[in-house]
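# Fold and contact review
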Amino acid sequence: MMKSKQLLQMALLATLSPSIGVALGQQAAKTPVLSYQVINLGTPLGGTFASAQALSLEGFVAGYASLPGDATDHAVLWRPSGTKDLGTLGGSNSVVLGNLSGFSETATPDPLAQDFCDTGTHLICLAFTVVNEREVALPTLGGTAAAALGNNDFGQEVGTSLTTAHDPSCLVGGQPQPPLYQIQQALPAVWQNGKVNTLPMFAGDSNGSANANNDVGQITGSSGECVTNQSAHALLWENGKVTNLGSLGGAMNNYPAAINNLGQITGGSDLSGDQVQHAFLWQKGVMQDLGTLPGDSFSFGDSINNLGQVVGYSCDVNFTCSAVLWENGKIVDLNTLIPSSSSLVLNYAGTINDLGFIAGYAVDQSANSSPAFVLIPKSGANAQPPRTEPIPRVAMPEGLRTLVQQRMRVRGARRIGPSYQ
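For the structure given in this document, a descriptive report is provided here.

What counts as what
All chains use their own residue numbering, which begins from 1 and follows the written sequence. Totals for whole chains, interfaces and linings use all residues, but because this is a predicted model, local features are given only for residues with pLDDT of at least 70 and pairs of side-chain atoms are given and counted only at 80 or more. As a rule here, side-chain values come from all non-hydrogen atoms in the structure, and water together with hydrogens is ignored. Strands are runs of DSSP state E lasting at least two residues, helices are runs of H or I lasting at least four, and both sets are numbered from the N terminus onward. A 1.4 Å probe rolled over the protein chains alone gives each residue an accessible area, and that area as a share of the maximum for its type sets the label: buried under 20%, exposed over 50%, partly exposed in between. All accessibility values rest on the Shrake-Rupley procedure with a 1.4 Å probe; residue burial counts only the protein chains present in the view. By definition, residues are in contact when any of their heavy atoms lie within 4.5 Å. Side-chain atoms alone can form a polar contact between residues adjacent in sequence; in general such a contact is a pair of N or O atoms within 3.5 Å, and within protein one must be able to donate a hydrogen while the other accepts it. Pairing of aromatic rings covers Phe, Tyr and the six-membered ring of Trp, with a centre-to-centre limit of 6.5 Å; geometry is then stacked below 30 degrees between planes, edge-to-face above 60, and tilted otherwise. Each pair of strands is called paired provided DSSP finds at least two bridges between the two strands. Each axis is a line fitted through C-alpha atoms, taken for helices only over the stretch in contact, and angles between the N-to-C directions span 0 to 180 degrees. We define a nonpolar core as any set of buried Ala, Val, Leu, Ile, Met, Phe, Trp, Tyr and Cys residues linked to one another through side-chain atoms lying within 4.5 Å. Basic side-chain nitrogens of Lys or Arg form a salt bridge, by our definition, when they fall within 4 Å of a carboxyl oxygen of Asp or Glu.

When helices and strands are tallied, the chain shows 3 helices and 30 strands. Out of the 421 residues belonging to the chain, those deemed buried represent 58%. Surface accessibility of the chain: about 16,100 Å² in total, with carbon and sulfur atoms responsible for 54%.

Let us look at the environment of Val324. Mapping Val324 onto the fold places it in strand β26 (residues 321-327). Residue Val324 is classed as buried on the basis of its relative accessible area of 0%. For the pair Val324 and Ser314, spaced 10 residues apart in sequence, the C-alpha to C-alpha distance is 6.7 Å. Those residues within four positions of Val324 in sequence are excluded, and the remaining contacts are Leu293, Val310, Val311, Gly312, Tyr313, Ser314, Ile331, Val332, Asp333, Leu334 and Ala349.

The next subject is the environment of Asn99. Looking at the element boundaries, Asn99 is found in the loop between β6 (94-98) and β7 (101-109). Residue class for Asn99 comes out partly exposed when judged on its relative accessible area of 35%. For Asn99 and Asp153, which are 54 residues apart along the polypeptide, the C-alpha to C-alpha distance reads 9.7 Å. Ignoring sequence-local partners within four residues, the contact set of Asn99 consists of Gln53, Ala54, Ala62, Gly150 and Asn151. At 2.4 Å, the side chain of Asn99 forms a polar contact with the backbone oxygen of Asn151.

Attention shifts here to the packing of aromatic side chains. Counted under the stated rule, the structure contains 6 aromatic pairs. Geometrically, the ring pair formed by Phe49 and Tyr64 is tilted, given 5.8 Å between the ring centres and 50° between the ring planes. Placement of Phe49 in the loop between β1 (35-42) and β2 (50-55) and of Tyr64 in strand β3 (residues 61-66) is noted, with a sequence separation of 15 residues between them. The exposure class assigned to Phe49 is buried, which follows from its relative accessible area of 0%.

On to the pairing of strand β15 (residues 195-198). As paired elements, strand β14 (residues 184-192) and β15 share 4 bridges and run antiparallel to each other. Residue pairing for β15: Trp191 is matched across the bridge by Val196. Where β14 folds back onto β15 in an antiparallel hairpin, the turn is made up of 2 residues, including Asn193, whose phi is positive at roughly 55°.

Here we take up the sheet that holds β7. If you walk across this open sheet you meet the 4 strands as β6-β7-β8-β9, and the pairing is antiparallel. Two strands close off the open sheet at either side, each with one partner strand: β6 and β9 (134-137). Mean inter-strand twist for the sheet, computed between neighbouring axes without regard to direction, equals 40°. Sheet analysis places β6 next to β7, joined by 4 bridges and oriented antiparallel. Residue pairing across strands places Val96 opposite Gly102, the latter belonging to β7.

Take the sheet that holds strand β5 (residues 82-87) next. In spatial order, the strands read β2-β3-β4-β5; together these 4 strands make up an open sheet with antiparallel pairing. Only two strands of the sheet have a single partner each, and these edge strands are β2 and β5. Here the strands of the sheet are splayed against their neighbours by 30° on average, with no regard to which way each runs. As paired elements, strand β4 (residues 73-79) and β5 share 5 bridges and run antiparallel to each other. Residue pairing across strands places Leu77 opposite Lys84, the latter belonging to β5.

Across the junction of Pro178 and Pro179, the peptide omega takes the value 5°, indicating a cis bond. With respect to the element layout, Pro179 can be found in the loop between β13 (175-176) and β14. Its identity as a non-glycine residue notwithstanding, Tyr181 has a phi of 50°, on the positive side. Inspection of the secondary structure assignment puts Tyr181 in the loop between β13 and β14. A positive phi angle, close to 55°, is found at Asn368, a residue other than glycine. Turning to its location among the elements, Asn368 is positioned in the loop between β29 (358-364) and β30 (372-378). Asn368 sits in the exposed class, given a relative accessible area of 62%.

Our focus in this paragraph is the nonpolar core. One recurring pattern in soluble globular proteins is that nonpolar side chains are buried together. Leu97, Phe103, Phe116, Cys117, Cys125 and Tyr313 are the most contacted members of the largest nonpolar core, which totals 23 residues. Counting only elements with at least two residues in this core, the list comes to β6, β10 (142-151), β20 (255-259), β24 (298-304) and β25 (310-315). The leading source of residues in this core is β10, at 3 residues. When residues no more than four places from it in sequence are discounted, the contact partners of Phe116 are Cys125, Ala145, Ala146, Ala147, Thr160, Leu162, Leu180, Gln182 and Ala186. Membership of the second largest hydrophobic core comes to 17 residues, among which are Ile39, Ala52, Leu55 and Val76.

Bringing the pattern of salt bridges into the picture now. Pairing is possible between side chains that carry opposite charge, provided their charged atoms lie close to one another. Considering all chains together, one arrives at 1 salt bridge under this definition. Arg79 is the salt-bridge partner of Glu133, the closest N and O atoms lying 2.7 Å from each other. Linking Glu133 in the loop between β8 (123-131) and β9 with Arg79 in strand β4, this pair joins segments that are 54 residues apart in sequence. Glu133 gets classed as partly exposed once you look at its relative accessible area, which sits at 25%. Residue class for Arg79 comes out buried when judged on its relative accessible area of 18%.

Here you go:
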């Protein structure tokens, strides 16, 4: 714990000092990373799972962790001074989905029995952002629920919100469908100074979400129909206009997840036939297939920094996944770049900052848990020797896999197993 504190404090110093941050960023661009030091953030709330979703400008790590029994999650902050449970807005669950934003349940059942945040409780969930280490609820577009999927450095949050309108595309045979049981229309939402507005969708679409934003006013997301194809079109909003980013050939599950300040976008898009989703990099009007690790069938890009480095995951048909880094057109299994003495098998990389720090979740076979982690890059004389032994691949326990699938569905990463969820 002491080493973790010291490393996080060093990260805080580097992040808060522009000159140090720029120097380290330039060094990262010039010096290839040869290995990473691993910080095991553990499972701090008593359950067996935790995921790090954001490396904040304030120097702490944000994410969520399960409580005893692994039936519920709470948003959590890992800080140099200790871990903080952010609790909820009165309900059972809260989750940080991107940067310092997410959703938190209230104690009020949804009057239409919707389960918009896919927790199984059918409680109203609200979008929130973290201010002074506490959850601050954000308004909806008139409907019962909302979720924030990210925020930038200028107080703008983005996500999706229900409206008062009922969307016929949510019903099959006149009935709402599991797992969300959605009835109300969901629109891309943008929050600024406590107020919420919506964004235009692709022509003919009825539902959408704003998934990420950068510091120069660009927002990316997707729109489609409520049940049959929520992410039919990957979109970019800029200067009041909406642009269709295209796809990797598929008509479904085209979901941008992150955008950097250069306008580069990553996420996931179906290939032709809509049976396989691959991570993509979109830049200058072109969507590039980032591919998978050898032998894998699908992948997803969750985060991109201002150096163009993308992190995410690559999985086989049995949902055995590895955390990966895409850089300079190549994919690397991050498990090959950590010390062989580590007990962790890295399953998912959820975020990367401009210093090259990476965070996500792993499987720890020695502790029978799935803890959050942070990777700190090492290069030159500080690097560890490359691993020569076979790289392990370990699937998450079934119960935890179900939990993570629920959370990822809210983000729109639909293909997270051998079949569409």
